[in-house]
Structures are given as C-alpha cells and as structure tokens.
Amino acid sequence: MNNLLMLFIFVPILSFVLLALNVLLAPKNSYEAKVSPYECGFLAIEGQTRSTFQIHFYIVAMLFLVFDLEILLLFPLAVTLYQVSTYGFVIALIFFFVLTIGFVLEIGSGAISLTDSHK
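Given the structure is predicted, the values throughout are model-derived calculations rather than measurements.

## Describing the overall build of the protein chain
Counting its secondary structure elements, the protein chain contains five helices and zero strands. Starting at the N terminus, the α and β elements of the protein chain follow one another as α-α-α-α-α. Expressed as a percentage of its 119 residues, the buried residues of the protein chain come to 8%. Surface summary for the protein chain: the accessible area is close to 10,900 Å², and the carbon and sulfur share equals 73%.

## Observations regarding the packing of helix α3 (residues 55–72) against helix α5 (residues 81–109)
Here α3 crosses α5 at 170°, and the two axes come no closer than 11 Å. The angle between the axes of α3 and α5 places the two elements in the roughly antiparallel class. Contact residues: Leu63, Phe67, Glu70 and Ile71 in α3; Phe95, Leu99, Gly102, Phe103 and Glu106 in α5.

## Examining the side chain of Glu106
In this fold, Glu106 is placed in helix α5. Excluding anything up to four places from it in sequence, Glu106 contacts Leu63, Phe67, Ala111 and Ile112.

## Quick word on the packing of aromatic side chains
Scanning the model with the defined rule gives one aromatic pair in all. Judged by centre distance (5.6 Å) and plane angle (85°), the ring pair of Phe67 and Phe103 falls under edge-to-face. Here Phe67 is found in helix α3, whereas its partner Phe103 is found in helix α5, with 36 residues between them in sequence.

## Considering the confidence of the model for the protein chain
Residues with a pLDDT of 70 or more make up 77% of the protein chain, whose mean pLDDT is 78. Confidence scores differ between elements of the protein chain, with helix α2 (residues 32–35) showing the lowest mean pLDDT of 70 and helix α1 (residues 3–25) the highest of 89.

## Comments concerning the UniProt feature "transmembrane region" (unreviewed entry) in the protein chain
Residues given the UniProt feature "transmembrane region" (unreviewed entry) here are residues 6–25, 57–78 and 84–105. Within residues 57–78, the helical portion is 91% and the strand portion 0%, while the C-alpha atoms at the span's ends are 32 Å from each other. Annotated as 100% helix and 0% strand, the span residues 84–105 places its first and last C-alpha atoms 30 Å apart.

Calculation criteria
- Residues numbered from 1 in each chain as written.
- Predicted model: local features only at pLDDT ≥ 70, side-chain atom pairs only at ≥ 80, totals over all residues.
- Heavy atoms only, no water.
- Helix = DSSP H or I, 4+ residues; strand = E, 2+ residues; numbered from the N terminus.
- Buried < 20%, exposed > 50% of the residue type's maximum accessible area, 1.4 Å probe, protein only.
- Areas by Shrake-Rupley, 256 points an atom, 1.4 Å probe, with all protein chains shown as cover.
- Axes fitted to C-alpha atoms, helices over the stretch in contact; angles between N-to-C directions.
- Parallel < 35°, antiparallel > 145°, perpendicular 65-115°, else oblique.
- Contact = heavy atoms within 4.5 Å.
- Phe/Tyr/Trp six-rings, centres within 6.5 Å; stacked < 30°, edge-to-face > 60°.
- pLDDT = per-residue confidence, 0-100.
- UniProt positions renumbered as here; feature names shortened; annotations may be inferred.

Have a look at this one:
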C-alpha cells in the first residue's frame, strides 16, 4: 500500500470512526463544574469579564516556545550529522553555546524562577 494512500484515505476514515465511537459511547452527564470555564485554577467571579492574570504564566509559555523551536532546529542536524562532519558539529556546538547563554541570562533576570516570589 502506498504511503500517500494511507495518509489521505486511511487516516481520515480512522479519525471519523474514532470520533463517531466517542460520540456514541461517551457518557453524557454534565454538571455545573464541568461546563464552567476553567481559568488557571482560580474560580470564576460572576459578572466579571476580566480578571487578574499573572504574567508569569505567559512568560514561561513564551520561553518554552522559544526554546522548543530552537531545539526543533537541531533535528535536521541530528539526521545529517555524518554528512556534515566536523563543520556541522562545530556549528551545533556554537548553537548550543548561544542557547545556554540565553538560558543563563533568563535565569539571571528572574524570568524563570523555581520559587514563588509573589507571596
């Protein structure tokens, strides 16, 4: 069987079958806590459209995104490491060095802290 045939025919059919099974077999009991919006672990206040949001969650998410994308850039190097030889390895070491410097600067600036300093 061709890989493209598997990708474009079998995968959508399988996903629709699994979704249909979920709709048919899932329990349908809803209660107030289940249908209420979840706001970072804080209880929602009735009638309030905006609430306080700790920016620390956003900063951690952005830092994770940046480091995750930088690590993703190393996957092609890992696949072709034998073809790029020493030059590619030196470039990867420089990349890791710059990545480590950025991580140390973020820890030093207090963007990433393992203790809760907001209390």
